[in-house]
Amino acid sequence: MGLPPTQLWTRDQIATRILAGDTLFVLNGNLVRVPPSWLAAHPGGRLAILHFVGRDATDEVEAFHSDETLQRMRGFIVGRVEMGEDGWEPFVPPIANGWVRRMGKDGKMEWYNEARPVKSSKDANADSPFKGLLKKNTAELSECGPTLSMLQLAPSKLSPKNEKQNSDAYKELHKRIIDADLYKTRFIAGYGPEIVRYTLLAVLSAVCYRYGWLVPSAVFLGLFWQQLTFFAHDLGHVGVTHNWTLDRLISIFVADFLGGLSIGWWVHNHNVHHQCAPEVVPNHPSHDPDIQHLPFFAISPVFLKSLWSSYYKREMTFDAFGKLLVSVQHKLFYVVLSLARFNLYVNSYGYLAKTAFEPRRFRGGRWWWWAEIAALGLYFIWFGAVLKGCGSWRDALVYLLVSHIAASPVHVQIVLSHFSRSTDDLGPVESFFARQLRTTVDVICSPRIEFIHGGLHLQVTHHLFPRLPRHNLREASLIVKEFAKERGLEYAEFGFVEGNGEVRGVLKQVAEQIKIVGMVADSEIREAMKS
């Protein structure tokens, strides 16, 4: 492959091309242009790219892609950019203001405003918009596309120089992780005991079922699913064989055939959770699907504004039903999560239906979709036979509920690492390193029982190095902690019980907001009636 182009692009030129519809981002001082064909074929989905338009994505891109992929990416370089002393001054991506590209009536791509930015109540008099999106008004907009002013940064309290130093520190940290050979998968010491555990749980479930002990069989099946979740997670991150095709084939067997869930949906959803917000913030109310759980949960009062979801492409309406559930969400927390697997089914099958006619992707083409459909069909055959063999519909219903509830602890564990953390957006100036530390927390766990958490209680390190094999996270986390201490950054962690208390406390605070709003409204009505 030849050397990349050496043309030096100015900020004005880049802004002009972005407004014209080009997808551009900065990578190691180079300007990368993503063709529309690649945007549609990107294995991680188009949102994982659109949220980086106009920004320096070096740390994030290198965290999520192999050396082979990075080398291929050089073919999309169109020149270089001027990097200031404090790094690249980012633009605000058009999608942050609700602007996306779609096919027009004349068959050409055009700008479309799917949502509008809104201000938070505390910034009602400020010029900078709150980085959340509401469903747009029905009134026609005066603009036919994003404007130059929309690409400009709002004032930030963060120091670009300090964030540049954080970015440099992350690069050094990443090098230490690589030099420590922590990207090497531990097939024997890591996955060996896990395969034994999966097999034992499956055999125990089958033996109990054979002897008519339906409830114990359902419990073991649920625990089998719960443990398989961690393996599917690794495969989705291409963190086992580090070969996309092999990991995807194995993950379809594990997630779709054995678990009845779409690995394609999970990967797409999870990539957005890790990467996508206008400024790459996990826990972003409008862009992170992992915290968009209305009408059941709202982890921030901003969800009471009926925000627009850039992932689900719909308004998360806070209606009367949502108000009822959210007002008692801290009390229903475990009840809702115990049944969360049913919601995963809905999301999985909805995703496969939506992607049935999508263009072929760079990796997997269309075979991944047909493979998932076939695997899910086989899942319904074997699990349907299990339920039918229970004897009566009542026993089948008990088996269904018990098995799904037994698999639910993984849902509790995962939300602990994010529900209690900040949902604030400090803007694109904030470094990837600082941002992940601020929005994620570890669950303290003894090495002897960390298999219960699958090793994913170390979420801080996992978010910094998502492709890192799960069995190496503990060793890597020690390096990350030391680095965070050197940089004066918080490395948050709490115990499992403490974490549950913090999460329920956050949910209770939002629930109390609803009561306060209701009391104010009642008071205003009484005053109006008196006058």
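Our structure's up above, just so we're on the same page.
Keep in mind it's a predicted model, so treat the numbers as computed, not measured. (Residues numbered from 1 in each chain as written. Predicted model: local features only at pLDDT ≥ 70, side-chain atom pairs only at ≥ 80, totals over all residues. Heavy atoms only, no water.)

Undergrad: For the environment of Leu 464, give the residues involved together with the corresponding values.
TA: With respect to the element layout, Leu 464 can be found in helix α19 (residues 459-464). Looking at Leu 464, the relative accessible area reads 0%, which means it is buried. (Helix = DSSP H or I, 4+ residues; strand = E, 2+ residues; numbered from the N terminus. Buried < 20%, exposed > 50% of the residue type's maximum accessible area, 1.4 Å probe, protein only.)

Undergrad: Describe in detail empty space enclosed by the protein, supporting the description with residues and values.
TA: Inspection of every chain in the model, using the stated rule, returns two cavities of 30 Å³ or more. By volume, the second largest cavity is sized at about 50 Å³. Every residue along the wall of the second largest cavity is listed here: His 233, Asp 234, His 237, Gly 239, Leu 456, His 462, Pro 466, Arg 467, Leu 468, Pro 469 and Arg 470. For the lining of the second largest cavity, the class distribution of residues is four nonpolar, four polar and three charged. (1 Å grid on protein atoms, 1.4 Å probe; cavity = no way out; pocket = protein on both sides within 12 Å on 5 of 7 lines; lining within 4 Å. Points joined across faces, edges and corners; volume = space filled by probe spheres on them. Nonpolar A, V, L, I, M, F, W, Y, C, P; charged D, E, K, R; others polar.)

Undergrad: I'd like a rundown of the pattern of salt bridges, residues and numbers included.
TA: Following the criterion strictly, the structure yields 15 salt bridges and no others. We note a salt bridge from Arg 470 to Glu 194, for which the minimum N-O separation is 2.7 Å. You can see Arg 470 sitting in the loop between α19 and α20 (473-487) and its partner Glu 194 sitting in helix α8 (residues 187-210), a full 276 residues away along the chain. Considered together, Arg 470 and Glu 194 belong to a single accessibility category, that of buried residues. A salt bridge links Glu 493 to Lys 481; its shortest N-O distance comes to 3.3 Å. In this pair, Glu 493 sits in strand β12 (residues 493-494) while Lys 481 sits in helix α20, placing the two residues twelve residues apart along the sequence. Under the relative-accessibility criterion, Lys 481 is labelled partly exposed at 29%. (Salt bridge = Lys/Arg side-chain N within 4 Å of Asp/Glu carboxyl O.)

Undergrad: Could you give me a rundown of the sheet that holds strand β1 (residues 8-9), with the residues and numbers involved?
TA: Taken in spatial order, the four strands make up an open sheet running β1-β4-β3-β2, and their pairing is mixed. Looking at strand neighbours, the two that pair on one side only are β1 and β2 (23-27), the edges of this open sheet. Both β1 and strand β4 (residues 77-81) contribute to a ladder of two bridges, which runs parallel. Paired with Leu 8 across the bridge in β4 is Arg 80. (Pairing = 2+ DSSP bridges.)

Undergrad: Describe in detail the packing of aromatic side chains, supporting the description with residues and values.
TA: With the rule as written, the count across this model stands at 23 aromatic pairs. Arranged with centres 6.1 Å apart and planes meeting at 70°, the rings of Trp 88 and Phe 91 form a pair that is edge-to-face. As far as burial versus exposure is concerned, Trp 88 and Phe 91 are alike and both buried. On the basis of an interplanar angle of 80° and a centroid distance of 5.2 Å, the ring pair of Tyr 170 and Phe 432 is categorised as edge-to-face. In this pair, Tyr 170 is assigned in helix α7 (residues 160-179) and Phe 432 in helix α18 (residues 432-439), connecting sequence segments 262 residues apart. Here the two residues Tyr 170 and Phe 432 agree in accessibility, since each one is buried. One aromatic cluster in this structure is built from Trp 225, Phe 342, Tyr 345, Tyr 349, Tyr 379, Phe 380, Trp 382 and Phe 383. (Phe/Tyr/Trp six-rings, centres within 6.5 Å; stacked < 30°, edge-to-face > 60°.)

Undergrad: Give a detailed account of a positive patch on the surface, specifying residues and quantitative values.
TA: Residues Lys 331, Arg 504, Lys 508 and Lys 515 make up a contiguous surface patch of positive charge. For the positive patch, the element with the most residues is helix α21 (residues 496-530), which contributes three residues. As for its position among the elements, Arg 504 is in helix α21. (Patch = residues over 30% accessible without salt bridge, like charges linked within 9 Å, V, L, I, M, F, W, Y side chains within 5 Å. Areas by Shrake-Rupley, 256 points an atom, 1.4 Å probe, with all protein chains shown as cover. Lys, Arg positive; Asp, Glu negative; His and termini not counted. Charge placed at Lys NZ, Arg CZ, Asp CG, Glu CD.)

Undergrad: Requested: an account of the packing of helix α14 (residues 340-354) against helix α15 (residues 367-388), with residues and values cited.
TA: The N-to-C vectors of α14 and α15 enclose an angle of 140°; their axes lie 11 Å apart at closest approach. Taken together, the axes of α14 and α15 lie oblique to each other. α15 is crossed by α14, and the crossing has left-handed handedness. In contact with Tyr 345, Tyr 349, Tyr 351 and Leu 352 of α14, α15 contributes Trp 368, Trp 369, Glu 372, Ile 373, Leu 376, Tyr 379 and Phe 380. (Axes fitted to C-alpha atoms, helices over the stretch in contact; angles between N-to-C directions. Parallel < 35°, antiparallel > 145°, perpendicular 65-115°, else oblique. Left-handed = near helix turned anticlockwise from the far one by under 90°. Contact = heavy atoms within 4.5 Å.)

Undergrad: So what's going on with α7? Which residues, and what values?
TA: Over its 20 residues, α7 runs 29 Å from end to end, which matches the ideal 28 Å to within 8%, given 1.5 Å per residue. As for α7, its buried residues are in contact with α4 (58-64), α18, α19 and α20. (Expected span 1.5 Å × (residues − 1).)

Undergrad: Lay out unusual backbone geometry in plain terms, naming residues and giving numbers.
TA: Going from Leu 294 to Pro 295, the amide bond is cis rather than trans, its omega being 10°. Relative to the helices and strands, Pro 295 is located in the loop between α11 (263-275) and β9 (307-309). Even without glycine at this site, Asp 181 takes up a positive phi of about 60°. Along the chain, Asp 181 falls in the loop between α7 and α8.

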